[in-house]
Amino acid sequence: MDVATITLTISMMGIIILFGALVSWRKTVTPSSKKLVMSLVINIAVPFIILNGVFNTPITDDVLQLIFLVFVISLGFNSTAIVLSILIARLLGFQPTTAKKLSLLSAIGNTGFIAIPLCAAVFGPIGGLLAAIFDAGLDVVLFTLGVAILQSGHQRFTMKSLTALINMPLIAIGVGLTFAVSGLQAPLLLQELSAMLAGLAAPLAMLYIGLLLPPFFKEQKTFFYRSIGFPLTMRLLIFPMTTILIVGFLPIDLFLKQFLVIVTAMPTFLVAPVIYGSYTDFEDEAAITTISSTLLSLLTIPLVSSFASFWFT
């Protein structure tokens, strides 16, 4: 694993987060402004990373099998991680309701905002495409099993909970794979546009994270709550380290091993406060966990990558 490239990319992401924080500290950034930046990332930058990955990757039968495999792995990993988080939390003495609230913060990573641009930078276009496929599987688990667990009987689960699955990244996957499987050549304008807009994802995503930081300091909010150590440890260390140990013994390609380590080392998913605000009274804790894990991941991702590089040699 190219630890130097990962470290350099993470360092640049950290600097961009700092730029976003400085802007937010000096200027008042309204909630609508933040939503605009998030919308640009989700609806423009990330979809074009996916399309750029498809257009620059020869879609052979082996690649299609790899796409299917990554999607299945994502479903299995994220579902298992949620269940294990609940079980481990209960073994550590957390109450059932608290264990459920901590489970998604521990299990679900930020594969959309961070993993897609990071994998594209480290592994090339195929990395961004596969990270998007992994994120699609994660979304399926989050808005089915995850939401059902958070509701805990307070609200009845309905098909409306699944509407968030239909989003621009998922549509981009469908459009891209349609071109790939049909053998049609995408128009040159679309190919060039994808290559240009794909570069927006990482800077915009990191600027958005930076914009979230100053309000916590200005409002004198704490970055700590009693049980925060559990989701931070599980998300940033236990799950990625366990992934390294497991995939190290599997007869799969080294590229896939390295890819799985990166996507499982992500911090807590960025929309956690929105999800928790909709179904629980744990919104502030979710926001604190998301921001804290994102900042800590600037250190833990290179650390995990270094361990993986040593383990796989």
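Look up a bit, the structure's there.
Not measured: the values here are computed from a predicted model. (Residues numbered from 1 in each chain as written. Predicted model: local features only at pLDDT ≥ 70, side-chain atom pairs only at ≥ 80, totals over all residues. Heavy atoms only, no water.)

J.: Help me understand the overall build of the protein chain in this model?
T.: Assigned secondary structure in the protein chain consists of 13 helices and zero strands. For the protein chain, the succession of helices and strands along the chain, N to C, is α-α-α-α-α-α-α-α-α-α-α-α-α. Once the C-alpha set of the protein chain is aligned to its principal axes, its extents read approximately 55 × 50 × 45 Å. Split into buried and exposed, the 313 residues of the protein chain put 52% on the buried side. In the protein chain, 83% of the contacts between residues at least 6 apart in sequence involve partners at least 24 apart. (Helix = DSSP H or I, 4+ residues; strand = E, 2+ residues; numbered from the N terminus. Buried < 20%, exposed > 50% of the residue type's maximum accessible area, 1.4 Å probe, protein only. Contact = heavy atoms within 4.5 Å.)

J.: Explain the nonpolar core here, please?
T.: For soluble globular proteins, the rule of thumb is that nonpolar side chains tend to be buried together. Grouped together as the largest cluster of nonpolar side chains are 103 residues, with contacts concentrated most on Phe-259 and Tyr-276. Per-element accounting of this core gives the leading share, 15 residues, to helix α6 (residues 125–151). (Core = buried A, V, L, I, M, F, W, Y, C linked by side-chain atoms within 4.5 Å.)

J.: Would you take a moment to explain the packing of α6 against helix α12 (residues 272–279) for this structure?
T.: The relative placement of two packed helices is expressed as an angle between their axes plus a distance between the axes. Running from N to C, α6 and α12 point in directions that differ by 45 degrees, and their axes come no closer than 9 Å. Relative to α12, α6 is oriented oblique. Judged by the sense of rotation from one axis to the other, the crossing of α6 with α12 is right-handed. Touching Phe-143, Val-147, Leu-150 and Gln-151 of α6 are Ile-275, Tyr-276 and Tyr-279, all from α12. Partitioned by chemical class, the residues of the contact of α6 with α12 number six nonpolar, one polar and no charged. (Axes fitted to C-alpha atoms, helices over the stretch in contact; angles between N-to-C directions. Parallel < 35°, antiparallel > 145°, perpendicular 65-115°, else oblique. Left-handed = near helix turned anticlockwise from the far one by under 90°. Nonpolar A, V, L, I, M, F, W, Y, C, P; charged D, E, K, R; others polar.)

J.: It is not clear to me how α12 should be interpreted in this structure. Could you clarify?
T.: The α-helix winds at 3.6 residues per turn, so residues separated by three or four positions along the chain end up facing the same way. Along α12, the positions that sit buried rather than exposed are Ala-272, Pro-273, Ile-275, Tyr-276 and Tyr-279. Each buried residue of α12 lies within a common arc of 165 degrees when the element is viewed along its axis, so the set occupies one face. Residues of α12 that are buried sit in contact with α4 (96–107), α6 and α13 (283–311). (Arc of directions from axis to C-beta.)

J.: What is the right way to look at the packing of aromatic side chains in this model?
T.: Centre-to-centre distance and the angle between the planes together describe a pair of aromatic rings. A full pass over the atoms with the stated rule returns twelve aromatic pairs. Relative to Phe-255, the ring of Phe-123 has its centre 5.3 Å away and its plane inclined at 85 degrees; by these criteria the two rings are edge-to-face. Separated by 132 residues along the polypeptide, Phe-123 in helix α5 (residues 111–123) and Phe-255 in helix α11 (residues 254–264) bring together distant segments of the chain. Here Phe-123 falls in the buried class, since its relative accessible area comes to 16%. A residue is classified by how much of its surface remains accessible, and Phe-255, at 22% relative accessible area, is partly exposed. Through a chain of ring-to-ring contacts, three or more aromatic side chains come together here, namely Phe-77, Phe-134 and Phe-239. Over the ring of Phe-312 we find Lys-257; its NZ or CZ atom is 5.9 Å from the centre of that ring. (Phe/Tyr/Trp six-rings, centres within 6.5 Å; stacked < 30°, edge-to-face > 60°. Lys NZ or Arg CZ within 6 Å of the ring centre and 35° of its normal.)

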